[in-house]
Amino acid sequence: MSATVKSGQTTGQDTAQDRAQDPAPETDQETAKARKKRAAAGAARRTWTVRTAGGLSLRLAPRAVWTGLLLLALALAAGVALIGSGDYPMTPAEVLATLAGGGDVGQRFIVHDLRLPRVLVGLLVGAAFGISGAVFQTVSRNPLGSPDVLGLTQGSSVGALTVIVFFQDSGFAVAAGAAAGGLVTGLAIFLLAWQRGIHGYRFVLVGIGVSAMLYAVVLYLMTKADIVEATRATTWMTGSLNGRDWDQVRPAAAVCAVLVPLLLGHGRGLRMLEMGDDAAGALGVRVDRVRIVALTAAVVLVAVATAAAGPISFVALSAPQLARRLTRSPGPNLLPSALMGAALLVAADWSSQQLFGADQLPVGVLTGLLGGGYLLWLLVTERRAGRI
């Protein structure tokens, strides 16, 4: 009897010691929180703090800075290569010399009047799509949130097709119709999604529903068009940089010059929104104001970009995700997303010309093909992570 009691006591002591040595297993939620804390601590150690004489301070992540510079260099290099490609090829040295004011009369005409506007439209449209996609994904807290999914590009298509089919117009009128369609669609999504503020999940669901309805309108308009109008409409809806001139550069540059700095100024507020409305509000962020201003600016950028080059697909979806994976920085990564979008679009246009010949394949076909594969990969990744 005594031996049995001692044995039991010894076993109990050993068990208590084992429990003291082996900590209790963490739940999945606790593990995720611990990982976020470690990531935040690591990010804090990997930042530079820049202070100005006026008392302002700016935190910079070295990896994000170098990534942004690399993307800028890649976008500019792709632009130089695109200017030099075509039926009249030019070397990069000749392109740079012509841009600096050199070259003969023919080279200056080809560069300044024909090819430079195309490159500038590609850079501006890609940057607009990239930064607006980052805003939509941040506000919706969903990596699949983009103008392609939320119906904004479909709204622009309805506006452009209405002008093509019923007014038989082209050029500026089609661009104006596309911009108006995108803005009206964005306003409709705002009003339908508003319920004491705009919330990401509801915003995405409303956008998907509006996109489905607008696609039906696009199909109806195609049935009312004759063969010539249907061909023009199909070409426009594919998305292309062919034939772009300074008339598309000026409005896109003006809108980007105003709205891109506006969005960058709201970067801190958007970053706080990722922690939730309550936490952001406790940190002094005006949640509804930041969300409305950012979404309005993003909608205008998408409308103007679509009016300039058509609804080029998947740039707004993939650019923010790729930028975030390169920078490995928390937050919306607005500037890297804009640079990534510009580099992606110009590089895709140059690749389409090299693979299929000058002006033979619209860039929207190539971005759709590559973006579709990226979307499948993203869905598989999100499913394995348990987020969908």
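Our subject is the structure listed above.
Residues numbered from 1 in each chain as written. Predicted model: local features only at pLDDT ≥ 70, side-chain atom pairs only at ≥ 80, totals over all residues. Heavy atoms only, no water.

Engineer: Go over the overall build of the protein with me, naming the residues and quoting the values.
Structural biologist: On a plain count of helices and strands, the protein comes out with 17 helices and two strands. Taking all 388 residues of the protein together, the buried fraction comes to 45%. For the protein, long-range pairs separated by at least 24 residues make up 72% of all intrachain contacts whose partners lie at least 6 apart in sequence. Of the roughly 20400 Å² that the protein leaves accessible, carbon and sulfur atoms contribute 64%. (Helix = DSSP H or I, 4+ residues; strand = E, 2+ residues; numbered from the N terminus. Buried < 20%, exposed > 50% of the residue type's maximum accessible area, 1.4 Å probe, protein only. Contact = heavy atoms within 4.5 Å. Areas by Shrake-Rupley, 256 points an atom, 1.4 Å probe, with all protein chains shown as cover.)

Engineer: I'd like a rundown of the environment of L378, residues and numbers included.
Structural biologist: Its location among the elements puts L378 in helix α17 (residues 363-384). What makes L378 buried here is its relative accessible area of 0%. Sequence separation between L378 and P143 is 235 residues, and the spatial gap between their C-alpha atoms is 8.4 Å. Look past the residues within four positions of L378 in its chain and what remains in contact with it is P143, L144, Q321 and R325.

Engineer: Go over the packing of aromatic side chains, please, and point to the residues and values.
Structural biologist: Counted according to the given criterion, the structure contains two aromatic pairs. A ring pair is formed by F136 and F203, whose centres lie 6.3 Å apart and whose planes are at 15°; its orientation type is stacked. Here F203 lies in helix α9 (residues 200-224) and F136 lies in helix α5 (residues 105-140), a separation of 67 residues in the sequence. Among the residues examined, F136 registers a relative accessible area of 1% and is labelled buried. Judged by relative accessible area, which is 3%, F203 ranks as buried. Three or more aromatic residues link up through ring pairs in this structure, and these residues are F136, F190 and F203. (Phe/Tyr/Trp six-rings, centres within 6.5 Å; stacked < 30°, edge-to-face > 60°.)

Engineer: With reference to specific residues and values, describe the packing of α5 against helix α15 (residues 315-327).
Structural biologist: As a packed pair, α5 and α15 sit with axes 7 Å apart at the nearest point and diverge in direction by 75°. The orientation of α5 relative to α15 falls into the category roughly perpendicular. Side by side, α5 and α15 meet where G126, F129, G130, G133, A134 and Q137 of the first sit next to V315, A316, L317, A319, P320 and Q321 of the second. Broken down by class, the residue content of the contact of α5 with α15 amounts to seven nonpolar, five polar and no charged. (Axes fitted to C-alpha atoms, helices over the stretch in contact; angles between N-to-C directions. Parallel < 35°, antiparallel > 145°, perpendicular 65-115°, else oblique. Nonpolar A, V, L, I, M, F, W, Y, C, P; charged D, E, K, R; others polar.)

Engineer: Outline helix α3 (residues 62-84), listing residues and values.
Structural biologist: Given a rise of 1.5 Å per residue, 23 residues ought to cover 33 Å, and the 33 Å separating the end C-alpha atoms of α3 matches this to within 8%. Inspection of α3 places P62, A64, T67, G68, L71, A75, A78, G79, V80, L82, I83 and G84 among the buried residues, and these make up the whole buried set. Just past α3, the residue G86 takes up positive phi, approximately 130°. (Expected span 1.5 Å × (residues − 1).)

Engineer: Pulling in residues and values, what's your account of the nonpolar core?
Structural biologist: Judged by nonpolar contacts, the single largest core of 75 residues is most densely connected at V135 and F136. At 15 residues, α5 tops the list of elements feeding residues into this core. Counting eight residues, the second largest nonpolar core, distinct from the first, contains A160, I164, V174 and W236. (Core = buried A, V, L, I, M, F, W, Y, C linked by side-chain atoms within 4.5 Å.)

Engineer: Tell me about the environment of V158, and please be specific about residues and values.
Structural biologist: Within the secondary structure layout, V158 lies in helix α7 (residues 152-167). Take V158: its relative accessible area is 15%, and that puts it in the buried class. V158 sits 61 residues away from L219 along the chain, and the two C-alpha atoms are 9.5 Å apart. Among all residues touching V158, those that are not within four sequence positions of it are L214, V217, V218 and L221.

Engineer: So what's going on with the side chain of H266? Residues and values would help.
Structural biologist: Here H266 shows up in the loop between α11 (246-265) and α12 (267-273). Classification of H266 by relative accessible area gives buried; the value is 14%. Beyond its immediate stretch of four places on either side in the chain, H266 contacts R289, V290 and V293.

Engineer: An account of unusual backbone geometry is needed here, citing residue identities and associated values.
Structural biologist: The residue F314 is not glycine, and still its phi comes out positive at about 70°. Structurally, F314 is set in the loop between α14 (287-309) and α15. A positive phi angle is found at N333, which is not glycine, with a value near 55°. Here N333 lies in the loop between α15 and α16 (334-356). A residue is classified by how much of its surface remains accessible, and N333, at 9% relative accessible area, is buried.

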